[in-house]
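Letter by letter, the chains look like this.
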Protein chains: 2
Amino acid sequence: MMPWPSQVTATSGKFIITQTFTAAISGAGSASTKDDARVRDSVTRALYQLFRETGIPVSLTLADEKSSPSMSVVVERKKPGIQKLGDDESYRLSITPDHVRIIATEPLGAMRGLETFLQLVTIGPSGFSAPTVEIDDHPRFGWRGLSLDVSRHFIGVDGIKRTIDGLAAVKMNVLHWHLSDDQGFRIESKKYPRLQEKGSDGQFYTQSEVRDIIAYARDRGVRVVPEFDIPGHATSWFPGYPSLASGPATGKAPYQIVREPGVLTATMDPTKESTYRFLDGFIGEMTKLFPDDYFHIGGDEVSPRGEWYHNAHIAAFMKKNHLANFPALQAYFNKRVLKIVTKHGKHMEGWDEILHPDLPKSSMIQSWRGKKSLAEAARQGYSGILSAGYYLDLMDSAAKHYAVDPLKDETAGLSDEEKKRVLGGEAAMWEELATMENIDVKLWPRLAAIAERFWSPEDVTDVASMYRRLEATSHWLDLQGLQHLSEIRLMQARLAGSFDPAPLAMFASILEPMKGYSRHRTQKFSSIFPFNRLVDAIPPESDAAREFRDAVDHNDLDYVRARLTEWRKNAGTVLPTLQSNGLLTEDIEVANAVADLCSIGLEALGPKPDAARVQAMLAAVDADSKPKAEMLIQIAPGILKLVQKIQ
Amino acid sequence: MMPWPSQVTATSGKFIITQTFTAAISGAGSASTKDDARVRDSVTRALYQLFRETGIPVSLTLADEKSSPSMSVVVERKKPGIQKLGDDESYRLSITPDHVRIIATEPLGAMRGLETFLQLVTIGPSGFSAPTVEIDDHPRFGWRGLSLDVSRHFIGVDGIKRTIDGLAAVKMNVLHWHLSDDQGFRIESKKYPRLQEKGSDGQFYTQSEVRDIIAYARDRGVRVVPEFDIPGHATSWFPGYPSLASGPATGKAPYQIVREPGVLTATMDPTKESTYRFLDGFIGEMTKLFPDDYFHIGGDEVSPRGEWYHNAHIAAFMKKNHLANFPALQAYFNKRVLKIVTKHGKHMEGWDEILHPDLPKSSMIQSWRGKKSLAEAARQGYSGILSAGYYLDLMDSAAKHYAVDPLKDETAGLSDEEKKRVLGGEAAMWEELATMENIDVKLWPRLAAIAERFWSPEDVTDVASMYRRLEATSHWLDLQGLQHLSEIRLMQARLAGSFDPAPLAMFASILEPMKGYSRHRTQKFSSIFPFNRLVDAIPPESDAAREFRDAVDHNDLDYVRARLTEWRKNAGTVLPTLQSNGLLTEDIEVANAVADLCSIGLEALGPKPDAARVQAMLAAVDADSKPKAEMLIQIAPGILKLVQKIQ
């Protein structure tokens, strides 16, 4: 199970799944009204999912509670209307040898309990079954989200729905949809249609698609919070509406969508009343479309040497209004925007740059720069969520994200009341180097480990247990329809061309993309760069390399020797594939380095070499550990340890 | 390329694909009218597909012909309205080092040419490219279809659309949709809603979904011909409308949907005027929904000892109307139905049982019982298509289907005029033993070989070439989004549970399901039987076994020895997986037989054993060749040859 529940009491029996399995719903909250068919839909989906997990064609038609169904889902009270922060998600799941029962206070709890039940189904001697168990579960934090950038690379409706499926599967409850940035404006505005016409390359969501996605998410217990990043990160607004910008270019050389990532200079003009009239119209339109209570205005990374810096009119405005610096100007802008957002009935949310003495306490802070700003916000009376430490685009390990707790380190010293203002967290996936072809690989399964951090009790921290369960969860998510395994297979098969993809897959299995922002700086990437190389076709974290490292640590030398022998041989087998095409030739040096590393590792396991040779081996490992073709050979650290042992 | 074009002239150059690739359309037939945006849509889809094949983010926006686009698609004339049998599908494709040109007479040709271009893109030293080539292509037959049963097991809208994608990819042009049978009535009737309410277990297509699917198919150059099988195979009509039936049960014990396959007794009553009034209403409704010229009324397998046999009223009717036997009664029924179908503006189509002297020549025959009836029909002046020999549910090899030609054997002696009446053929996929989880595996890639038989010149018959191209086509279809490889992977991973699926995959790679109808008789299957065992998770044809057989034939003994050694070892490695759960225990004896066969094969390659031992070896191979767990170990024939060589 992942996330691990608050309380689990396992017993030794089994509930066997057969094709006579039936489910019934009851309780005041189960009523299928026009307004709320969520419980009914969730149970029907769970039945279909049970079929996918087992291949057993269980009936998708709901049974009557009086007919002794196999599974009873009881929802105690209704919760119509918009899903809100703090809605009750608790449930109890009881599995006995002849009955499954889920009791939830409200509809959301039933959804969470159904996912837990589905995670418990495994195959064994008596076919598919779930262990008998008593579970009492509720989330630690009420805000558990994913911030998803669709501007740098567009993700189609299918990809968004699939991501929502995944979020619901691991009990996350917010999709924070980063809909505009310098590189693309991704939503249809009927009021200001040039936004999408000139700002999207034709890649945007229609309002009807957005409504469909919001309904889809609500049906799965996921809120959708839109973000429109202003006043910086806003270049894509300006090709259609250049007068919104502060640039000298206004009215002259037309603005273009930017293809390259970075902190750019184009910035909205906070001094013109027309800007606020436009934003009032736009925010009015969007707040009608998005029912959620929260509305995210971005607010991050306004360039200190951008258009504001070069605009005399803005300098005059600042002087006149006693705005000492750009942060003060941005605070002025935020206050004006806050008025608009509030007028349209929403709480305003923004990245931690919006934190400023003038900001009203009803605003919410998303901390991306570190826990310090989250602690500060909480002390000052703002509510906030943590994103620092959960950036999936940095290609870090699940363990690294798992270790980050919203209430540890800088936030640990907060008072109980202040701690309550820390509502939870959001993973973030920025799309500079990800595309619709590999988005699932970048998100899953690592996101499940972050989901556990947000849902499970604070003391659920065992990394070995996390990885064991993460592997099972990854396969479970694969059966749920997520594409993280398929994407890898398809992209690697494409690279292999007419060659057997198996040697390439084994070669790739010990590689990882470069970490942090180091890969971003290797070459000039852009939205129209082809992300079709081997580095784009591997998961962020190598399971094989992690297992190898563990084996070195546990001195399991038979395993270590077998793997090194196999990988060295394969580094030769894969060469003809790497030589066969232009996209793989850069990986020949990687294969040579793999062969070299394996030889050194095997040598370290043999008769002890002299000191000079050991030094040479260490130097070689160091060279092989350097990034190649934007990748790291992740068995290098384990091999370094082997050599260090004989040093 | 598959199907292979009529004329191909290859030269030695290459057209390199880069992200500056653009496409433009021109010609009278390319006009994007409200009525016909097929060319525009097809080119946009092809551009997206080019991105999927290469990972290169080519622009999806069409260029202007004047802007020197990379690819020009010229369509000479419009063809608005419904796609019809005989519409022009010819095209010329010319690829030079700096330009791709497709010239088509009508929109359909452009679609076919785009698929050919996409098939030509491969990866090599200079990245992705297409070879320079001149192709002049047109289909041999105008009717190239798939008959798809969705009654025995329902296939959802996604599965139907995916199947249409596949048909279009291999230039097939008819989806024959078998929408009703004993086991389920799969379409919404607004006029007679009890048809789907009582006849479908909730698994049916709404009319809005049907319209969506028809539009989707038209956009891809695929006609949709509906079939409603009457008067037999019609049990699912009767739970909702029992008075349509001829059974003594009418009005008493209510009719139920049948779960088991077979030739059943329930049959429509051809003697009542109310039956024809009902059919007039129903066919009137359906012919409005389905725009195609053809309407299929089934007409196969009326049970000779069914309800007609036991109904005194029917006997009296036959006597009164001088109907000598049940075929005559069915011909009477067909004539009445024909009148209705004709009145609603359609050509009537039926399985070859409808062939009867009284049947008007405007009817069309689909021959499933053999080419004899097709030849007979053509001689008598009926047009017809061949399905005998193309039943994909019988789990035969691609080569076996590929060898069947609609105009060879019994039809070879037809006159030229009679031959023209043979319009083409349809593969058929009956779903007794297939489900929505493995439908793609059952269809692909074998269907591509049949598509080639219908499209390519008669003399394209080389089996080795077919298999080489079929393998490439299979990977290409995988990238197109078909699920035949994913389904296998998912179902096998489910069976492997917490075990590494690789040994199970290797074990499964030399197995095939039993052939013909032999598996159907092994146990009592039904629509609610769980098709989740290993036999359901393997392709109909084993590539590994075929390659092994070829190696034996070519005396490539190193290869043979290596494979036998590997498979024998794996038969041991996979045992713990097979022992771990109830669904795989039946396969332990299969693994033992594999190990035995490999040992015998290796023994046959060694020092010659004495005659008695050879006899024992032959007997063992014979025993191991028998079906086990409803599967065949398909390396057995090759091993038999090895032993026979030393006999």
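Residues numbered from 1 in each chain as written. Chains lettered and ligands numbered in written order. Predicted model: local features only at pLDDT ≥ 70, side-chain atom pairs only at ≥ 80, totals over all residues. Heavy atoms only, no water.

A. Examining the overall build of chain A more closely. Check the secondary structure of chain A and you find 22 helices and 18 strands. Whereas a compact globule of 647 residues would reach a radius of gyration of roughly 26 Å, chain A reaches 27 Å, a difference of no more than 12%. In terms of its C-alpha atoms, chain A occupies a principal-axis envelope of roughly 80 × 75 × 50 Å. Counting every position in chain A, which comprises 647 residues, the buried fraction comes to 61%. For chain A, contacts bridging at least 24 residues in sequence account for 76% of all contacts bridging at least 6. Counting every atom, chain A has about 23700 Å² of accessible surface; 54% of that belongs to carbon and sulfur. Taken together, the 76 basic and 84 acidic charged side chains of chain A have centroids lying 4 Å from each other. (Helix = DSSP H or I, 4+ residues; strand = E, 2+ residues; numbered from the N terminus. Rg over C-alpha atoms; globule rule 2.2 N^0.38 Å. Buried < 20%, exposed > 50% of the residue type's maximum accessible area, 1.4 Å probe, protein only. Contact = heavy atoms within 4.5 Å. Areas by Shrake-Rupley, 256 points an atom, 1.4 Å probe, with all protein chains shown as cover. Lys, Arg positive; Asp, Glu negative; His and termini not counted. Charge placed at Lys NZ, Arg CZ, Asp CG, Glu CD.)

B. Layout of the relation of the copies chain A and chain B. The transformation that overlays chain A on chain B combines an axial shift of 0.0 Å with a rotation of 180°, and the residual RMSD is 0.0 Å. Each copy turns onto its partner about a two-fold axis. If distances are taken from each C-alpha of chain A to the rotation axis, the shortest is found for Ser486 of chain A, at 3.6 Å. (Least-squares fit on C-alpha atoms with pLDDT ≥ 70 in both.)

C. Spatial organisation of the packing of aromatic side chains. Residues and elements named next belong to chain A. Applying the stated criterion across every chain, the model contains 58 aromatic pairs over all chains. Ring centres 4.9 Å apart and planes at 90° place the aromatic pair Phe228 and Phe282 in the edge-to-face group. Of the two residues, Phe228 sits in strand 11 (residues 223-228) while Phe282 sits in helix 6 (residues 273-289), which places them 54 residues apart along the sequence. On the basis of relative accessible area, Phe282 is assigned to the buried category, the value being 1%. One aromatic cluster in this structure is built from Phe185, Tyr192, Phe228, Trp237, Tyr241, Phe278, Phe282 and Phe295. Taking the ring centre of Trp143 as reference, the NZ or CZ of Arg223 above it sits at 4.3 Å. (Phe/Tyr/Trp six-rings, centres within 6.5 Å; stacked < 30°, edge-to-face > 60°. Lys NZ or Arg CZ within 6 Å of the ring centre and 35° of its normal.)

D. Region of the structure containing the packing of helix 20 (residues 588-605) of chain A against helix 22 (residues 636-645) of chain A. Residues and elements named next belong to chain A. Contact geometry of helix 20 with helix 22 gives a least axis separation of 9 Å together with a crossing angle of 30°. Taken together, helix 20 and helix 22 sit at an angle that is classed as roughly parallel. The handedness of the crossing between helix 20 and helix 22 comes out as left-handed. Facing Leu597, Cys598, Ile600, Gly601, Ala604 and Leu605 of helix 20, the residues of helix 22 in contact are Ala636, Ile639, Leu642 and Val643. In terms of residue class, the contact of helix 20 with helix 22 is made up of 9 nonpolar, 1 polar and no charged. (Axes fitted to C-alpha atoms, helices over the stretch in contact; angles between N-to-C directions. Parallel < 35°, antiparallel > 145°, perpendicular 65-115°, else oblique. Left-handed = near helix turned anticlockwise from the far one by under 90°. Nonpolar A, V, L, I, M, F, W, Y, C, P; charged D, E, K, R; others polar.)

E. Spatial organisation of the environment of Ile16 of chain B. All names here are of chain B. Along the chain, Ile16 turns up in strand 1 (residues 7-16). Expressed as a C-alpha distance, the spacing of Ile16 and His99, which sit 83 residues apart in the sequence, is 9.6 Å. Filtering out sequence-adjacent residues up to four positions away, Ile16 remains in contact with Ser126, Phe128 and Ser129.

F. Representation of the pairing of strand 9 (residues 174-181) of chain A in the model. Residues and elements named next belong to chain A. Here strand 9 lies mainly inside the structure; 8 of its 8 residues are buried. Where strand 8 (residues 143-149) and strand 9 come together, 5 bridges link them in parallel fashion. Residue pairing across strands places Leu148 opposite Trp177, the latter belonging to strand 9. The parallel pair strand 8 and strand 9 is bridged by helix 3 (residues 157-169), and the resulting crossover is right-handed. Both strand 9 and strand 11 contribute to a ladder of 6 bridges, which runs parallel. In the strand pairing of strand 11, Ser180 is matched with Phe228. (Pairing = 2+ DSSP bridges. Right-handed = clockwise from strand over helix to strand, strands pointing away.)

G. Representation of the environment of Ser383 of chain B. Residues and elements named next belong to chain B. Position of Ser383 relative to the elements: it lies in strand 15 (residues 383-386). Along the sequence, Ser383 and Met364 sit 19 residues apart, while their C-alpha atoms lie 5.2 Å from each other. Once residues lying within four places of it in the same chain are set aside, the contact partners of Ser383 are Ser363, Met364, Ile365, Arg421 and Leu423.

H. Representation of helix 17 (residues 543-553) of chain B. All names here are of chain B. Those residues of helix 17 that sit buried are Ala544, Ala545, Arg546, Phe548, Ala551 and Val552. Along its buried surface, helix 17 packs onto helix 14 (463-479), helix 18 (557-573) and helix 22 (636-645). Between the side-chain oxygen at the start of helix 17 and the backbone nitrogen of Ala544 there is a gap of 3.5 Å, and the oxygen is on Ser542. Immediately beyond the C-terminal end of helix 17, within one or two residues, lies Asn555, with a positive phi of roughly 55°. (Polar contact = N/O pair within 3.5 Å; in protein donor to acceptor, adjacent residues only side chain to side chain.)

I. Focus on the interface of chain A and chain B. Taken together, the contact pairs 38 residues of chain A with 38 residues of chain B. Buried area between chain A and chain B, both sides added, is near 3000 Å², and the carbon and sulfur share of it is 59%. Taken as a group, Ile123, Arg489 and Arg494 of chain A account for 19% of the area that chain A buries against chain B, more than any other trio of residues on that side. Between the two partners, chain A and chain B, sit 16 residue pairs in polar contact (both at pLDDT 80 or more). For the side of chain A that touches chain B, the secondary-structure elements that each account for two or more residues are helix 1 (38-54), strand 6 (122-124), strand 7 (127-137), helix 14 (463-479) and helix 15 (484-496) of chain A. Among the elements that take part in the side of chain A that touches chain B, helix 15 of chain A stands out by supplying 6 residues, more than any other. (Buried area = accessible area lost by both parts, 1.4 Å probe.)

J. Inspection of the environment of Glu431 of chain B at higher detail. Residues and elements named next belong to chain B. Structurally, Glu431 can be placed in the loop between strand 16 (422-429) and helix 12 (439-443). The exposure class assigned to Glu431 is buried, which follows from its relative accessible area of 0%. Once you skip the residues sitting within four places of it in the chain, Glu431 turns out to touch Leu148, Asp149, Arg152, His153, Ile155 and Ile439.

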